[in-house]
Amino acid sequence: HQARTTRRIRWTVHGLDLSSVAIALLKNDPRFLRPAEEGRAYAYVANIVQGIPSTCHDVADVASLLFCLSAIDPTLQATAINHVVSSLKPEGVIVFRDYGRWDESQVKLGSQRSKRLKRDFYQKNDGTKCYFFSTRDLRELFEEQCGLEVVELEYINRIYKNRATDASRRRVWVHGRFRKR
């Protein structure tokens, strides 16, 4: 029986968010402070459509786009992805999750004509915008427009039930992993 050794990975993290409030909260979080003091955690206010800080270029093995690309106008999504790609080292991977086509919130928004801005792009009641992706949209964006290899791309379907009200919500998300060539 061979003894198993566990090597602790010490990640370096660069966090970007459009919200200065979110970045301020992160910078004050005790889980962020120690790695930041050790030079392993950085946080920036950034709009990925306009670019990323120069200190973030070619530094990442993994970048995540979690429920943020959907808030960007579809005509600017490839630009945003290319800026995130510039953060990756060769063979680096983008991990992606966002709203999928025919999510219940899209169906509800679609019933209100004034909420539809473009095909599959809506303005929510709080003023934020939301695009609902198909796997075809994402393959075209990441592979054809941005030159990444599709490693994984699938829908995630869930039904959530509120026990108190007995109401159910049908959620559709799209999950993907895309590798820099």
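A brief report on the enclosed structure follows. Along every chain, residues carry numbers that run from 1 in the direction the sequence is written. Since the coordinates come from a predicted model, pLDDT governs what is reported: local features require at least 70, and pairs of side-chain atoms require 80 or more to be given and counted, while whole-chain, interface and lining totals use all residues. Hydrogen atoms and water are omitted, and side-chain values are computed over all heavy atoms in the structure.

## A closer look at the overall build of the protein
For step 1, the next point in the chain: Each helix and strand in the protein was counted, giving five helices and nine strands.
For step 2, the next point in the chain: The way it works is that DSSP assigns letters per residue, a run of H or I at least four long becomes a helix, a run of E at least two long becomes a strand, and they are numbered from the N terminus. Each helix and strand of the protein, placed in order from N terminus to C terminus, yields the pattern β-α-α-β-β-α-β-α-β-β-β-α-β-β.
For step 3, the next point in the chain: With the principal axes as the frame, the protein shows a C-alpha extent of 55 × 40 × 40 Å.
For step 4, the next point in the chain: Burial classes: relative accessible area under 20% of the type maximum marks a residue as buried, over 50% as exposed, and values in between as partly exposed (1.4 Å probe, protein chains only). Within the protein, buried positions represent 38% of all 181 residues.
For step 5, the next point in the chain: Put simply, the protein shows about 11800 Å² of open surface, and 49% of that area lies on carbon and sulfur atoms.
For step 6, the next point in the chain: A residue counts as positive if it is Lys or Arg and as negative if it is Asp or Glu; His and the chain ends are not included. Positions of charges follow a simple convention, taking NZ of Lys, CZ of Arg, CG of Asp or CD of Glu. Side-chain charges in the protein split into 31 positive and 21 negative, and the spacing between the mean points of these groups amounts to 4 Å. Reported accessibility uses the Shrake-Rupley method at a 1.4 Å probe radius. Residues are deemed covered only where the shown protein chains occlude them.

## Details of the sheet that holds strand S7 (residues 129-131)
For step 1, the next point in the chain: Reading across from one edge, S5-S6-S7 is the order of the three strands in this open sheet, with antiparallel pairing throughout. Either end of the sheet is taken by a strand with one partner, and the two such strands are strand S5 (116-118) and S7. For this sheet, the mean inter-axis angle between neighbouring strands, taken without regard to orientation, is 30°.
For step 2, the next point in the chain: Across three bridges, strand S6 (residues 121-123) lies against S7 in antiparallel orientation. When the sheet's bridge partners are listed, Gln123 is paired in S7 with Lys129. For two strands to count as paired, DSSP must find a minimum of two bridges between them. Only the stretch in contact is used when a helix axis is fitted, and all axes are lines through C-alpha atoms; the angle between N-to-C directions ranges over 0 to 180 degrees.

Worth remembering: the numbers are spatial, not functional.
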